[in-house]
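# Structural overview for review
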Amino acid sequence: MKQTSAVYQLFKSRLAIVNIGLENLVEHLADFPVDIIQVDWRPPASAKMNLLKKIQVLKAKQPSEEGR
Amino acid sequence: MDMENANHEACDRILEARPWWTDVKLAQDVIPGMQKNRIFYSGPPIEWDRMCRPQKAAIAGAMMFEGIIDDFSEAEALIKKGEVELDINQNHNSIGPMCGPISASMAVAVIENKTFGNFAYAAPFNTGRKFPMYTGCCTAEAVEIQRWLSEIWAPATSKALQAIGGIDCRALVGRSMLMGDEQHNRNQAATSLLVNQMIGGYLKIDLPRDTFGELISFMLDMVEMFYGSPHLAVCKAMMDPAHNIEDSSVVTKMSSNGVEFGIMVSGLKNQWFTAPSPKVINGFYFPGFSEADANPDIGGSRIKETAGFGGMCIAASPAMCLLVGGKMKDIVKQTLDMYEITITENPAYQIPYLDFRGIPTGIDVVKIVETGITPVIDTAIMHKHENFPFIGVGLTISPMECFEKAINAF
């Protein structure tokens, strides 16, 4: 009951929307009296922790480690 | 060398490239390993039984052109007996559009990278929408137009190129990009600039008036994208010196055989990393055709994106909005995404709409896997059966699986 009331209060107040990622979601809200903050973000690669770890190792590799 | 320095070395070699179109020759006279009983096609390598239908037909067309067979149905037996050998263009410094069939008697563009002294060869030439052998046409007409290219067009064009000292393709392409070309699906400006120069060459040699008219009308009137094929070898000549740099994660080859899409990476020797060929998306189909008719992505021309052209710099070509759908902001976004997965920019080829930024250059498998963005390719769409010209244009999102496999191979 308490939760329902909190949600109700939220929608009675002036909305401030933070949109993360796809911009076209907020384009449709531009005509409404809401504050919008757009955050430029995209999900990290679907990868694959093992690939990201491998990349870290590759980037850290120094010529001296190879004796070259 | 560490990866960062290796990548800078690879990119420097791409930026320093000075590709010139110096000659037109028959394949057997210039392409290493070319023989009368060999046909080369667009890689990655694939066995005959797994090839898509138009790829088989394109190879059969080349065999018909060489007088080895009279009909598509005769091709398979000779190939299975080993009397005709198949190999991929990429093993022979050569490259071709779509199916990319190249045979011994075919006319090829000879491109020299004057900075490093390496050569690349491209064929077949664009023969318009009527009879392109490279889309899998194995008809008498397709053979006849190849014969005209080899017997009439090639000798005259060779002399004309000698007469004008060749064509500086870096200058030509740089100018054409300021006129709205992205060099894959749109190269009308480059073709016009090319024909301007070729007219000068043809006028300097002893040529019957009728032949002169025939040559010019072929290049200009019939085929407004004539520069498309030579530009394949331009890109290959730019990219080959960047290959085989130890520790470099720069992509040096991308190509699709219609069944598998493959890449090579500079620091990973001559290993192909493949994934199933994706569908072409955002397709604009010519009347009478639809997605149901389309073959999956195919073509050696992905070398253009590898060098930074086509889908990588599509914002250079506002007209492409009309072909691949969307608005200017969409193709700008697509190009900006490509800067996220490349190491540098090539100032020789500028994008006016982006305040003359150089095209995105040096596709990096590390950046691709980190960002989840893969190269976008601007492509023609091929019919899944033989004897059709291309049936539309669209975009291919290159498959992430290839790039992940490459990272795993380091």
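Residues numbered from 1 in each chain as written. Chains lettered and ligands numbered in written order. Predicted model: local features only at pLDDT ≥ 70, side-chain atom pairs only at ≥ 80, totals over all residues. Heavy atoms only, no water.

This part covers the environment of Leu268(B). With respect to the helices and strands, Leu268(B) occurs in the loop between β9 (260-265) and β10 (273-276). Put simply, Leu268(B) and Glu246(B) are 22 residues apart on the chain and 7.4 Å apart in space, counted from C-alpha to C-alpha. (Helix = DSSP H or I, 4+ residues; strand = E, 2+ residues; numbered from the N terminus.)

This paragraph deals with the sheet that holds strand β1 (residues 19-26) of chain B. The strands making up a sheet associate through backbone hydrogen bonding, with each pair oriented either parallel or antiparallel. On the basis of which strands lie adjacent, the open sheet formed by five strands has the order β4-β6-β5-β1-β7 (chain B) and mixed pairing. Both outer strands of the open sheet, β4 (94-95) and β7 (167-168) of chain B, are each paired with one neighbouring strand and no more. (Pairing = 2+ DSSP bridges.)

In this section: the pattern of salt bridges. Considering all chains together, one arrives at 21 salt bridges over all chains under this definition. For Lys59(A), the salt bridge is made with Glu370(B), and the minimal N-O distance between the two is 2.6 Å. Here Lys59(A), found in helix α3 (residues 49-60), pairs with Glu370(B), found in helix α13 (residues 365-371), and the two come from separate chains. Given the relative accessible area of 49%, Lys59(A) is considered partly exposed. The exposure class of Glu370(B) is partly exposed, given its relative accessible area of 30%. Across the pair Glu66(B) and Lys36(B) runs a salt bridge, and its minimum N-O distance is 3.0 Å. Of this pair, Glu66(B) sits in the loop between α3 (53-65) and α4 (75-81) while Lys36(B) sits in the loop between α2 (27-30) and β2 (38-41), and the two are 30 residues apart along the sequence. Classification of Lys36(B) by relative accessible area gives partly exposed; the value is 46%. If you follow the salt bridges from partner to partner, you end up with Glu47(B), Arg50(B) and Glu260(B) in one network. (Salt bridge = Lys/Arg side-chain N within 4 Å of Asp/Glu carboxyl O. Buried < 20%, exposed > 50% of the residue type's maximum accessible area, 1.4 Å probe, protein only.)

Here we take up the nonpolar core. Residue and element names in this part refer to chain B. Counting 98 residues, the largest nonpolar core has Trp21, Trp153, Tyr202, Ile263, Phe309 and Phe403 as the members making the most contacts within it. At eight residues, the largest contribution of residues to this core is made by helix α5 (residues 140-164). Apart from residues no more than four positions distant in its own chain, Phe403 is found in contact with Val251, Met254, Ile263, Val365, Ile368, Val369, Thr374, Pro375 and Ser398. In this structure, Ile31, Ala62, Val84 and Cys138 belong to the second largest nonpolar core, which totals 37 residues. (Core = buried A, V, L, I, M, F, W, Y, C linked by side-chain atoms within 4.5 Å. Contact = heavy atoms within 4.5 Å.)

A few words now on the interface of chain A and chain B. Listed by partner, the interface residues are 17 residues for chain A and 18 residues for chain B. Carbon and sulfur atoms supply 52% of the area that chain A and chain B bury against each other, a total of about 1,500 Å² over both sides. The largest per-residue losses of area from chain A upon contact with chain B belong to Arg42(A), Leu51(A) and Leu58(A), which jointly make up 32% of the total buried on that side. Across the contact surface, chain A and chain B share three salt bridges. Where chain A meets chain B, there are five residue pairs in polar contact (both at pLDDT 80 or more). (Buried area = accessible area lost by both parts, 1.4 Å probe. Polar contact = N/O pair within 3.5 Å; in protein donor to acceptor, adjacent residues only side chain to side chain.)

Here the focus is the packing of aromatic side chains. Geometrically, a pair of aromatic rings is defined through the distance of the ring centres and the angle of the planes. Residues and elements named next belong to chain B. Applying the stated criterion to the full structure yields 11 aromatic pairs over all chains. Plain terms: the ring middles of Tyr202 and Phe212 are 6.4 Å apart, the flat faces sit at 90 degrees to each other, and that makes the pair edge-to-face. Here the residue Tyr202 occupies a position in helix α7 (residues 188-204), and Phe212 occupies one in helix α8 (residues 209-222), the gap between them amounting to 10 residues. Here Phe212 falls in the partly exposed class, since its relative accessible area comes to 22%. Geometrically, the ring pair formed by Phe218 and Phe226 is edge-to-face, given 5.6 Å between the ring centres and 80 degrees between the ring planes. Exposure remark for Phe218: the relative accessible area of 5% places this residue in the buried category. The class of Phe226 is buried, set by a relative accessible area of 0%. Taken together, the ring pairs connect Trp21, Phe125, Trp148, Trp153, Phe218 and Phe226 into an aromatic cluster. Residue placement shows Lys114 over the ring face of Trp20; its charged tip is 4.6 Å from the ring centre. (Phe/Tyr/Trp six-rings, centres within 6.5 Å; stacked < 30°, edge-to-face > 60°. Lys NZ or Arg CZ within 6 Å of the ring centre and 35° of its normal.)

Residue and element names in this part refer to chain B. With an omega of 5 degrees, the peptide bond running from Gly43 to Pro44 counts as cis. Residue placement: Pro44 occurs in the loop between β2 and α3. In this structure, Pro124 follows Ala123 across a cis peptide bond, with omega equal to -10 degrees. One can find Pro124 in the loop between β6 (118-122) and α5. In this structure, Asn282 is a non-glycine residue whose phi angle is positive, near 50 degrees. Among the secondary structure elements, Asn282 is positioned in strand β11 (residues 281-285).

Here we come to the packing of α5(B) against α7(B). Residues and elements named next belong to chain B. As a packed pair, α5 and α7 sit with axes 8 Å apart at the nearest point and diverge in direction by 95 degrees. When the interaxial angle is binned, α5 and α7 end up roughly perpendicular. Every residue of α7 that contacts α5 at Trp153, Ala156, Thr157, Ala160, Leu161, Ala163 and Ile164 is listed here: Gln197, Met198, Gly200, Gly201, Tyr202 and Lys204. Grouping the amino acids of the contact of α5 with α7 by side-chain chemistry returns eight nonpolar, four polar and one charged. (Axes fitted to C-alpha atoms, helices over the stretch in contact; angles between N-to-C directions. Parallel < 35°, antiparallel > 145°, perpendicular 65-115°, else oblique. Nonpolar A, V, L, I, M, F, W, Y, C, P; charged D, E, K, R; others polar.)

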